Amino acid sequence: NNKLQALRLKNGTELSVERVILATGHSARDIFYLLHDKKVALEAKSFAMGVRVEHPQQIIDSIQYNCQGLRNELLPAASYSLVHQVNGRGVYSFCMCPGGFIVPAATAPGEVVVNGMSPSKRNNDFANSGVVVEINVHEDIPKYDHFGPLRGLEYQKILEQLAYTSGGRSQTAPAQRLTDFVEGRISQDLNPTSYQPGLKSAPLHSLLPKLIGSKLRTGFKEFGKKMNGYYTSEANIVGVESRTSSPVTIPRNEQLEHPDIEGLFPCGEGGGYAGGIVSAAMDGERCAEAAIVGL
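Residues numbered from 1 in each chain as written. Predicted model: local features only at pLDDT ≥ 70, side-chain atom pairs only at ≥ 80, totals over all residues. Heavy atoms only, no water.

### What to know about helix α1 (residues 29-37)
Buried within α1 we find Arg29, Ile31, Phe32 and Leu35. End-on, the buried residues of α1 take up no more than an arc of 160°, which puts them together on one face. Facing away from the buried side of α1, by more than 90 degrees, are the exposed residues Asp30 and Asp37. On its buried face, α1 sits against β4 (20-22), α3 (151-166), β15 (248-249) and α7 (268-271). A positive backbone phi angle near 65° is found at Lys39, which sits one or two residues after α1. (Buried < 20%, exposed > 50% of the residue type's maximum accessible area, 1.4 Å probe, protein only. Helix = DSSP H or I, 4+ residues; strand = E, 2+ residues; numbered from the N terminus. Arc of directions from axis to C-beta. Contact = heavy atoms within 4.5 Å.)

Next up, the structure:
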């Protein structure tokens, strides 16, 4: 095993260190490329990709509260959680944002990535959620096997670049009415949206690879059966929701150290050990405790 001795900063400064907690986010691709170039062991990890779906909040309220018109002012904006199995792969809602916004989340030029957020009051006119398809990197994307442990990351990039091109080569996002997507029609116009850069009608039903698109279309139909009124032309789908979790794992042993580098502690979402804010914080605590052992 190699033992960590120094950390070189981007400006060339070297710091003498014995332990480093590597706690990057799941989109810190430069770290994955750096480690891969330095022959540090990485592993491909299964993840999920799909779209954001956005409804008027009033529709979700009426379904969940079984009410007509506006919900009672004492009730919070309604949320939902949906899941369905399609050909052995999960299709599920992710990061549902009641009374929220769809926001741009690209991390490099030439890509479009969308995410969601809710302000504390959850008082926006729209409800949005990621609806994503589980992707098994060892079975579902064999054409990317030559990328080794970065195969999932490269698959993400291709779809994000596709969204950029089909959205008009800006942060305008490709979109389609939900019913048009499922039924394979181009949307002549789109519904109002919370996404500030704007939407452009695009045939996502044919642009998304079958691995994702066909499962989403089945999933949305089933969601409409579980929530009467969910499957509606008043909803848009917006592409692409691709950063649900890390497509790469930085391996670690029982002491939470990288098996090849003594003193390096991969941590949190970037390491592949968390799936959100709270779980990343908890993993950070574990790594901090492991790093101080023997000091």
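### Thoughts on the side chain of Gln57
Here Gln57 lies in helix α2 (residues 57-65). Among residues more than four places away in sequence, those in contact with Gln57 are Arg71, Ala77, Ala78, Pro98, Gly99, Asn124, Asp125, Phe126 and Ala127.

### As for the nonpolar core
Within the largest apolar cluster, 47 residues are counted, with the highest numbers of intra-cluster contacts made by Tyr155, Ile212, Leu216, Phe220 and Tyr230. Of the residues forming this core, the biggest block, 5 residues, is contributed by helix α6 (residues 210-226). Discounting residues that sit within four places of it in the chain, Phe220 has contacts with Val51, Val53, Val131, Leu178, Phe181, Val182, Tyr230, Tyr231 and Ile237. Counting residues in hydrophobic clusters, the runner-up holds 16 residues, among them Leu22, Val40, Leu153 and Ile261. (Core = buried A, V, L, I, M, F, W, Y, C linked by side-chain atoms within 4.5 Å.)

### Comments concerning the side chain of Thr232
Structurally, Thr232 is set in the loop between α6 and β14 (236-241). A polar contact of 3.0 Å, which involves the side chain of Thr232, links it to the backbone nitrogen of Glu234. In this view, Thr232 contacts His55, Ile59, Leu178 and Thr179; residues no more than four positions away in its chain are not counted. (Polar contact = N/O pair within 3.5 Å; in protein donor to acceptor, adjacent residues only side chain to side chain.)

### Concerning the sheet that holds strand β6 (residues 47-56)
Read from one edge of the open sheet, 7 strands run β7-β8-β11-β6-β14-β12-β13, paired in mixed fashion. The strands lining the two open edges of the sheet, one partner per strand, are β7 (83-86) and β13 (199-201). For this sheet the average axis-to-axis angle between neighbouring strands, irrespective of direction, equals 35°. Pairing analysis gives 4 bridges linking β6 to β14, with the strands arranged antiparallel. (Pairing = 2+ DSSP bridges. Axes fitted to C-alpha atoms, helices over the stretch in contact; angles between N-to-C directions.)

### As for the pattern of salt bridges
By the definition in use, this model includes 18 salt bridges. Where Arg89 meets Asp140, a salt bridge forms, and the shortest distance between an N and an O atom there is 2.9 Å. Placement of the pair is Arg89 in strand β8 (residues 89-97) and Asp140 in the loop between β11 (126-135) and α3, with a sequence separation of 51 residues. Across the pair Arg151 and Asp145 runs a salt bridge, and its minimum N-O distance is 3.5 Å. Taking the relative accessible area as the measure of exposure, Arg151 reaches 13% and is therefore buried. Classification of Asp145 as partly exposed rests on a relative accessible area of 39%. Because the salt bridges share partners, they merge into one network encompassing Arg29, Glu111, Glu160 and Arg243. (Salt bridge = Lys/Arg side-chain N within 4 Å of Asp/Glu carboxyl O.)

### Quick notes on the packing of aromatic side chains
Aromatic ring pairs are reported here in terms of the distance separating the ring centres and the angle at which the planes meet. Tallied over the entire structure, the rule returns 6 aromatic pairs. Measuring from ring centre to ring centre gives 5.2 Å for Tyr80 and Tyr230, while their planes differ by 85°; the resulting arrangement is edge-to-face. You can see Tyr80 sitting in the loop between α2 and β7 and its partner Tyr230 sitting in the loop between α6 and β14, a full 150 residues away along the chain. With respect to burial, Tyr80 and Tyr230 carry one shared label: buried. Relative to Tyr155, the ring of Tyr144 has its centre 5.3 Å away and its plane inclined at 90°; by these criteria the two rings are edge-to-face. Here Tyr144 is found in the loop between β11 and α3, whereas its partner Tyr155 is found in helix α3, with 11 residues between them in sequence. Considered together, Tyr144 and Tyr155 belong to a single accessibility category, that of buried residues. Three or more aromatic residues joined by ring pairs form one cluster here, namely Tyr80, Phe181, Phe220, Phe223 and Tyr230. (Phe/Tyr/Trp six-rings, centres within 6.5 Å; stacked < 30°, edge-to-face > 60°.)

### Here's the deal with the pairing of β11
Most of β11 is tucked away, with 9 of its 10 residues classed as buried. Sheet topology note: the β6/β11 ladder contains 10 bridges and is antiparallel. Each bridged residue has a counterpart across the sheet, and for Gly50 the counterpart in β11 is Val132. The pairing of β8 with β11 spans 5 bridges and is classified as antiparallel. Bridge pairing in β11 links Cys97 to Asn128.

### What about a nonpolar patch on the surface?
Residues Leu7, Leu9 and Leu15 make up a contiguous nonpolar surface patch of about 210 Å² in total accessible area. Accessibility expressed as a relative area gives 34% for Leu9, which makes it partly exposed. (Patch = residues over 30% accessible without salt bridge, like charges linked within 9 Å, V, L, I, M, F, W, Y side chains within 5 Å. Areas by Shrake-Rupley, 256 points an atom, 1.4 Å probe, with all protein chains shown as cover.)

Function-wise, these values are silent; they only describe arrangement.
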